[in-house]
Amino acid sequence: ASLLPRSQVPLHPADQFLPTGAWILMAVWLFIVFAMFASMSPAFAAPGDQGVIATLIRWTPVIATGFGLNLVMSFVAMVLGTVAGAFLGIAQISQVAWLRRMAWLVTEFFRNAPTLVLLFFCMFLLPFEVEVFGTTLPLPGWVKAVFGLSLSKMAYVSEVVRGGLQS
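Okay, so let's go over this structure. (Residues numbered from 1 in each chain as written. Predicted model: local features only at pLDDT ≥ 70, side-chain atom pairs only at ≥ 80, totals over all residues. Heavy atoms only, no water.)

### Focus: helix H5 (residues 115-125)
For H5, every residue scored as buried is listed here: Leu-118, Leu-119 and Cys-122. The arc that holds every buried residue of H5, seen down its axis, measures 100 degrees, which confines them to one face. Away from its buried face by more than 90 degrees, H5 exposes Leu-116, Phe-124 and Leu-125. Looking at the buried positions of H5, the neighbouring elements they touch are helix H4 (97-112) and helix H6 (141-166). (Buried < 20%, exposed > 50% of the residue type's maximum accessible area, 1.4 Å probe, protein only. Helix = DSSP H or I, 4+ residues; strand = E, 2+ residues; numbered from the N terminus. Arc of directions from axis to C-beta. Contact = heavy atoms within 4.5 Å.)

Written as structure tokens, this is what we have:
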């Protein structure tokens, strides 16, 4: 709530580009254009091809499954990163000098490494299968991706925990 007159209230950054009404008009216009092309696509399709809407309906379960897997992977990565980061943050304020230095080094390395680079390292440098007590277990790509995503989260949580405990 501002006490300034309406003419002096600063604009929201999005409204500096276009006023609110223009955003609504643009969204309606884009919907009309999409609907027009979606309805015309069967006319330009080869015989036997499906239209855009039919293709979207056919692929929706696959897309939804992938979206659900992404949500699960993100949640698991956040949980693992938070737990590991809490321990790493506690280690950063340890009385043991070598443990404190190692925790700081790990935190700085993973905090400054781009997440995409960490994902590539995990996907290509971790093995495809692991042998545990004589049993060979496959290591699927989504597990490696979760591990790579959790490394970045771990470093940031470590800094939050360290800062919270030192203040």
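That covers the picture; the talk isn't over yet.
### What about the nonpolar core?
Grouped together as the largest cluster of nonpolar side chains are 10 residues: Leu-88, Ala-91, Ala-103, Phe-110, Ala-113, Leu-118, Cys-122, Leu-151, Met-154 and Ala-155. Mapped onto this core, the elements with two or more residues apiece are helix H3 (52-92), H4, H5 and H6. The element contributing the most residues to this core is H6, with three residues. When near neighbours in sequence (up to four residues on either side) are disregarded, Met-154 contacts Gly-81, Ala-84, Gly-85, Leu-88, Val-106 and Phe-110. Residues Met-73, Ala-77, Leu-119 and Ala-145 belong to the second largest nonpolar core, which totals five residues. (Core = buried A, V, L, I, M, F, W, Y, C linked by side-chain atoms within 4.5 Å.)

Remember that the coordinates give geometry; whether it matters functionally is a separate question.
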